[in-house]
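Analysis of the macromolecular model
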Amino acid sequence: MREDVLKIEFQPVFDKWAWRIIYQNEDVLKRGEFIDEDLKIESHYSSEFVDGFLFIRGEFKEHDKKINICTAEEKAIIEKRAKFINEKYGIFKPWRAEKYGNYFFIKSELKEEVWTSTERFSPLDDEKYKSGNYFKTQELAEKYLSDLKEFSRKWHEGNESYEKEEV
């Protein structure tokens, strides 16, 4: 699942559409710098749709609430561009259970134990989620544990000479 980096809102106005950008992740879509020529999206001065180019929020922050007008055909293009930009630049967000939903985790010390827990958004749930020890199914947790053990074994084999020097 990916988190959107651009969100555009549309509302009908007579036979046209009013639109504005309601969210732009500026860490990804940097003001005045971002350009994707393939998608015909650019951050320059302010949001607009001109000659087939979608201009997103740019250098003039005072224009961030600017409302633009477009035709139904242009609306379809703008929506498609927003979808493509979110697919291409969206931020990966791992799955997380809803409150009181179940998830699986590896107990500790790489024991061959996969446990289940109920999501309460507690500090312990947050810690497991942030560390990546958080899985939608028992099978995924078991596969991860197997891969982790294999990685650990290979890592130790590759660092065997380093371990001998410390002894």
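On a predicted model such as this, the values are computed, not experimentally measured, just so you know. (Residues numbered from 1 in each chain as written. Predicted model: local features only at pLDDT ≥ 70, side-chain atom pairs only at ≥ 80, totals over all residues. Heavy atoms only, no water.)

Here's the deal with the confidence of the model for the protein
Rules: Confidence of the prediction at every residue is given by pLDDT, a number between 0 and 100. Put simply, DSSP H or I for four residues or longer makes a helix, DSSP E for two residues or longer makes a strand, and each gets a number counted from the N terminus. By the convention used here, residues are in contact when the closest approach between their heavy atoms is within 4.5 Å.
Summing up the model confidence of the protein, the mean pLDDT is 89 and the portion of residues at 70 or higher is 92%. Confidence, expressed as mean pLDDT per element, reaches its minimum in the protein at helix H4 (residues 160-166) with 52 and its maximum at strand E2 (residues 6-13) with 98. In the predicted structure, residues 163-167 sits below a pLDDT of 50 and forms 2 contacts with residues beyond four places in sequence or in another chain.

Structural notes on the pattern of salt bridges
When charged atoms on two side chains of opposite charge get close, those side chains can pair. Just so we agree on the cut-off: Only one rule defines a salt bridge in this text: a Lys or Arg side-chain nitrogen within 4 Å of an Asp or Glu carboxyl oxygen.
Evaluated as defined, the whole model comprises 12 salt bridges. Among the charged side chains, a network of salt bridges with common partners joins Glu26, Arg31 and Asp64.

Things to note about the pairing of strand E7 (residues 53-56)
Just so we agree on the cut-off: Two strands qualify as a pair provided DSSP detects at least 2 bridges between them.
Sheet topology note: the strand E5 (residues 41-43)/E7 ladder contains 3 bridges and is parallel. Within E7, the residue paired with Glu42 across the bridge is Phe55. Bridge analysis of strand E6 (residues 48-50) against E7 gives 3 bridges, and the strand direction is antiparallel. For Glu48, the partnering residue across the bridge sits in E7 and is Phe55.

Focus on the sheet that holds E2
We apply this condition: For helices, the axis comes from a line fit to the C-alpha atoms of the stretch in contact; other axes are also lines fit to C-alpha atoms, and the angle between any two N-to-C directions lies between 0 and 180 degrees.
Pairing within the open sheet is antiparallel, and its 3 strands lie in the order E2-E3-E8. Edge positions in the open sheet fall to E2 and strand E8 (68-70), since each of these has one partner strand only. On average, adjacent strands in this sheet sit at an angle of 35° to one another, irrespective of strand direction. Of the strands in this sheet, E2, strand E3 (16-24) and E8 are in contact with helix H1 (residues 72-89), which crosses E2 at around 165°.

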